[in-house]
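# Close look at the chain arrangement
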Amino acid sequence: MLAKCQQNRNIDISEILTPHLMKRSIHTKNNALTDDEARHLADFVMFSQRNFILRLSPELTQDRVSYPQFFLLTYLDEEECLSMSSIARMMGHSTAAATGMVDKLQELGHLKRFTAAADRRKIMVRITPQGKELVARMRGNIARDLANMMAQEDRAEEIHQARSVIKRRSKQQGILD
(Lines give C-alpha, C1' and ligand atoms only; values in the text may rest on other atoms or scores of the structure.)
Protein backbone atom coordinates (compact mmCIF):
# COMPACT_ATOMS: atom_id res chain seq x y z
CA MET A 1 0.00 0.00 0.00
CA LEU A 2 2.71 2.48 0.99
CA ALA A 3 4.88 1.32 -1.92
CA LYS A 4 2.13 2.39 -4.33
CA CYS A 5 2.06 5.76 -2.66
CA GLN A 6 5.79 6.30 -2.88
CA GLN A 7 6.15 5.56 -6.56
CA ASN A 8 7.28 8.58 -8.50
CA ARG A 9 4.63 8.71 -11.19
CA ASN A 10 2.84 11.51 -12.92
CA ILE A 11 -0.86 11.47 -12.21
CA ASP A 12 -3.23 12.40 -15.00
CA ILE A 13 -6.24 14.24 -13.59
CA SER A 14 -8.51 12.24 -15.91
CA GLU A 15 -7.46 9.06 -14.04
CA ILE A 16 -8.94 10.52 -10.87
CA LEU A 17 -11.98 12.41 -12.08
CA THR A 18 -13.48 10.06 -14.64
CA PRO A 19 -11.54 6.81 -14.78
CA HIS A 20 -13.94 4.87 -16.97
CA LEU A 21 -15.03 7.58 -19.37
CA MET A 22 -11.79 9.42 -20.04
CA LYS A 23 -9.64 6.36 -20.77
CA ARG A 24 -11.72 5.36 -23.76
CA SER A 25 -11.62 7.20 -27.06
CA ILE A 26 -14.84 9.02 -27.83
CA HIS A 27 -13.69 10.67 -31.03
CA THR A 28 -15.13 8.21 -33.52
CA LYS A 29 -18.02 9.24 -35.72
CA ASN A 30 -20.31 6.58 -34.19
CA ASN A 31 -19.77 7.94 -30.67
CA ALA A 32 -20.32 11.61 -31.46
CA LEU A 33 -23.19 13.34 -29.67
CA THR A 34 -25.80 14.99 -31.81
CA ASP A 35 -26.07 18.75 -31.34
CA ASP A 36 -29.42 18.29 -29.61
CA GLU A 37 -28.01 15.64 -27.23
CA ALA A 38 -25.00 17.79 -26.46
CA ARG A 39 -27.21 20.81 -25.67
CA HIS A 40 -29.48 18.75 -23.38
CA LEU A 41 -26.52 17.21 -21.61
CA ALA A 42 -24.80 20.61 -21.25
CA ASP A 43 -27.98 22.12 -19.79
CA PHE A 44 -28.27 19.26 -17.35
CA VAL A 45 -24.61 19.52 -16.29
CA MET A 46 -24.77 23.31 -15.83
CA PHE A 47 -28.00 23.11 -13.84
CA SER A 48 -26.58 20.29 -11.70
CA GLN A 49 -23.29 22.06 -11.11
CA ARG A 50 -25.02 25.28 -9.98
CA ASN A 51 -27.34 23.32 -7.73
CA PHE A 52 -24.57 21.30 -6.10
CA ILE A 53 -22.23 24.23 -5.57
CA LEU A 54 -24.96 26.32 -3.97
CA ARG A 55 -25.84 23.46 -1.64
CA LEU A 56 -22.22 22.59 -0.82
CA SER A 57 -21.30 26.14 0.11
CA PRO A 58 -22.90 26.26 3.58
CA GLU A 59 -21.64 22.76 4.44
CA LEU A 60 -18.08 23.54 3.42
CA THR A 61 -18.19 26.91 5.17
CA GLN A 62 -19.28 25.15 8.37
CA ASP A 63 -16.23 22.88 8.06
CA ARG A 64 -14.00 25.88 7.11
CA VAL A 65 -13.05 24.26 3.79
CA SER A 66 -12.91 26.12 0.47
CA TYR A 67 -13.97 24.61 -2.88
CA PRO A 68 -10.35 24.11 -4.05
CA GLN A 69 -9.51 22.49 -0.72
CA PHE A 70 -12.53 20.20 -1.04
CA PHE A 71 -11.54 19.26 -4.61
CA LEU A 72 -8.06 18.38 -3.33
CA LEU A 73 -9.62 16.18 -0.67
CA THR A 74 -11.65 14.38 -3.34
CA TYR A 75 -8.44 13.73 -5.34
CA LEU A 76 -6.72 12.35 -2.26
CA ASP A 77 -9.75 10.24 -1.38
CA GLU A 78 -9.20 8.39 -4.68
CA GLU A 79 -5.41 8.05 -4.34
CA GLU A 80 -3.21 6.51 -1.67
CA CYS A 81 -1.22 9.76 -1.53
CA LEU A 82 0.18 12.50 -3.74
CA SER A 83 3.40 14.48 -3.83
CA MET A 84 3.27 18.23 -3.32
CA SER A 85 4.40 18.80 -6.91
CA SER A 86 1.59 16.52 -8.19
CA ILE A 87 -0.93 18.45 -6.11
CA ALA A 88 0.30 21.78 -7.49
CA ARG A 89 0.16 20.47 -11.07
CA MET A 90 -3.31 18.90 -10.70
CA MET A 91 -4.78 21.95 -9.02
CA GLY A 92 -3.18 24.36 -11.47
CA HIS A 93 -1.44 26.19 -8.61
CA SER A 94 2.12 27.12 -7.83
CA THR A 95 3.90 24.89 -5.34
CA ALA A 96 3.68 27.70 -2.78
CA ALA A 97 -0.11 27.99 -3.22
CA ALA A 98 -0.50 24.20 -2.97
CA THR A 99 1.60 24.24 0.20
CA GLY A 100 -0.71 26.85 1.73
CA MET A 101 -3.75 24.77 0.83
CA VAL A 102 -2.21 21.63 2.35
CA ASP A 103 -1.16 23.59 5.47
CA LYS A 104 -4.75 24.67 6.09
CA LEU A 105 -6.19 21.18 5.51
CA GLN A 106 -3.55 19.64 7.75
CA GLU A 107 -4.35 22.21 10.46
CA LEU A 108 -8.02 21.17 10.21
CA GLY A 109 -7.03 17.50 10.54
CA HIS A 110 -8.08 16.47 7.01
CA LEU A 111 -4.58 15.73 5.63
CA LYS A 112 -1.28 14.39 6.88
CA ARG A 113 2.19 15.05 5.43
CA PHE A 114 5.07 12.59 5.47
CA THR A 115 8.35 12.06 3.65
CA ALA A 116 8.77 9.43 0.95
CA ALA A 117 10.89 6.48 2.04
CA ALA A 118 12.78 6.35 -1.26
CA ASP A 119 13.61 10.08 -1.24
CA ARG A 120 13.36 11.81 2.12
CA ARG A 121 13.37 15.21 0.38
CA LYS A 122 10.03 14.42 -1.27
CA ILE A 123 6.96 15.45 0.74
CA MET A 124 3.87 13.29 0.32
CA VAL A 125 0.31 14.02 1.40
CA ARG A 126 -2.37 11.57 2.49
CA ILE A 127 -6.00 12.11 3.47
CA THR A 128 -6.91 11.32 7.10
CA PRO A 129 -10.00 9.41 8.28
CA GLN A 130 -11.50 12.80 9.20
CA GLY A 131 -10.90 14.04 5.65
CA LYS A 132 -12.41 10.85 4.22
CA GLU A 133 -15.47 11.37 6.41
CA LEU A 134 -15.92 14.91 5.08
CA VAL A 135 -15.66 13.72 1.46
CA ALA A 136 -18.09 10.85 2.14
CA ARG A 137 -20.58 13.21 3.79
CA MET A 138 -20.39 15.69 0.90
CA ARG A 139 -20.63 12.84 -1.65
CA GLY A 140 -23.74 11.58 0.16
CA ASN A 141 -25.25 15.07 0.10
CA ILE A 142 -24.54 15.36 -3.63
CA ALA A 143 -26.12 11.94 -4.28
CA ARG A 144 -29.20 12.92 -2.26
CA ASP A 145 -29.48 16.25 -4.06
CA LEU A 146 -29.04 14.56 -7.43
CA ALA A 147 -31.81 12.08 -6.65
CA ASN A 148 -34.08 14.92 -5.49
CA MET A 149 -33.27 17.02 -8.53
CA MET A 150 -33.93 14.14 -10.90
CA ALA A 151 -37.32 13.60 -9.27
CA GLN A 152 -38.47 17.16 -9.97
CA GLU A 153 -41.30 17.35 -12.47
CA ASP A 154 -40.26 20.64 -14.09
CA ARG A 155 -36.92 19.20 -15.25
CA ALA A 156 -38.35 15.82 -16.28
CA GLU A 157 -37.76 16.07 -20.04
CA GLU A 158 -34.23 17.44 -19.69
CA ILE A 159 -33.37 14.77 -17.14
CA HIS A 160 -34.91 12.00 -19.27
CA GLN A 161 -32.84 13.18 -22.24
CA ALA A 162 -29.65 13.34 -20.15
CA ARG A 163 -30.27 9.85 -18.72
CA SER A 164 -30.81 8.46 -22.22
CA VAL A 165 -27.63 10.03 -23.56
CA ILE A 166 -25.54 8.91 -20.58
CA LYS A 167 -26.90 5.36 -20.73
CA ARG A 168 -26.42 5.04 -24.50
CA ARG A 169 -22.90 6.47 -24.41
CA SER A 170 -21.94 4.28 -21.45
CA LYS A 171 -23.11 1.17 -23.32
CA GLN A 172 -21.20 2.26 -26.42
CA GLN A 173 -18.04 2.67 -24.40
CA GLY A 174 -18.45 -0.66 -22.63
CA ILE A 175 -19.11 0.81 -19.18
CA LEU A 176 -22.61 -0.68 -18.91
CA ASP A 177 -23.65 -4.07 -20.18
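Provided above is the structure to which this section pertains.
So, a few notes on the structure that sits alongside this text. Treat the numbers as computed from the prediction; the structure is a model and nothing was measured.

### Examining the packing of aromatic side chains
- The final tally for this structure, using the stated rule, is two aromatic pairs.
- With centroids separated by 6.5 Å and ring planes inclined at 20°, the aromatic side chains of Y67 and F71 adopt a geometry described as stacked. Separated by four residues within a single helix, Y67 and F71 lie in helix α5 (residues 67-78), roughly one turn from each other.
- Measuring from centroid to centroid gives 6.1 Å for F70 and F71, while their planes differ by 55°, and the two rings are tilted.
- Overall, the relative accessible area of 39% leaves F71 in the partly exposed class.
- Of the aromatic side chains, those joined through ring pairs into one cluster are Y67, F70 and F71.

### Remarks on the nonpolar core
- Membership of the largest hydrophobic core comes to 25 residues, with the highest contact counts inside it found for L72, I87 and L111.
- Only α4 (35-62), α5, α6 (84-91), α7 (95-107), β3 (123-127) and α8 (129-151) provide two or more residues apiece to this core.
- Every residue in contact with L72, bar those within four places of it in the chain, is listed here: I87, M91, M101, V102, L105 and L111.
- Counting residues in each nonpolar core, the second largest holds eight residues, with L41, F44, A162 and V165 among its members.

Rules used throughout
- Residues numbered from 1 in each chain as written.
- Predicted model: local features only at pLDDT ≥ 70, side-chain atom pairs only at ≥ 80, totals over all residues.
- Heavy atoms only, no water.
- Phe/Tyr/Trp six-rings, centres within 6.5 Å; stacked < 30°, edge-to-face > 60°.
- Helix = DSSP H or I, 4+ residues; strand = E, 2+ residues; numbered from the N terminus.
- Buried < 20%, exposed > 50% of the residue type's maximum accessible area, 1.4 Å probe, protein only.
- Core = buried A, V, L, I, M, F, W, Y, C linked by side-chain atoms within 4.5 Å.
- Contact = heavy atoms within 4.5 Å.

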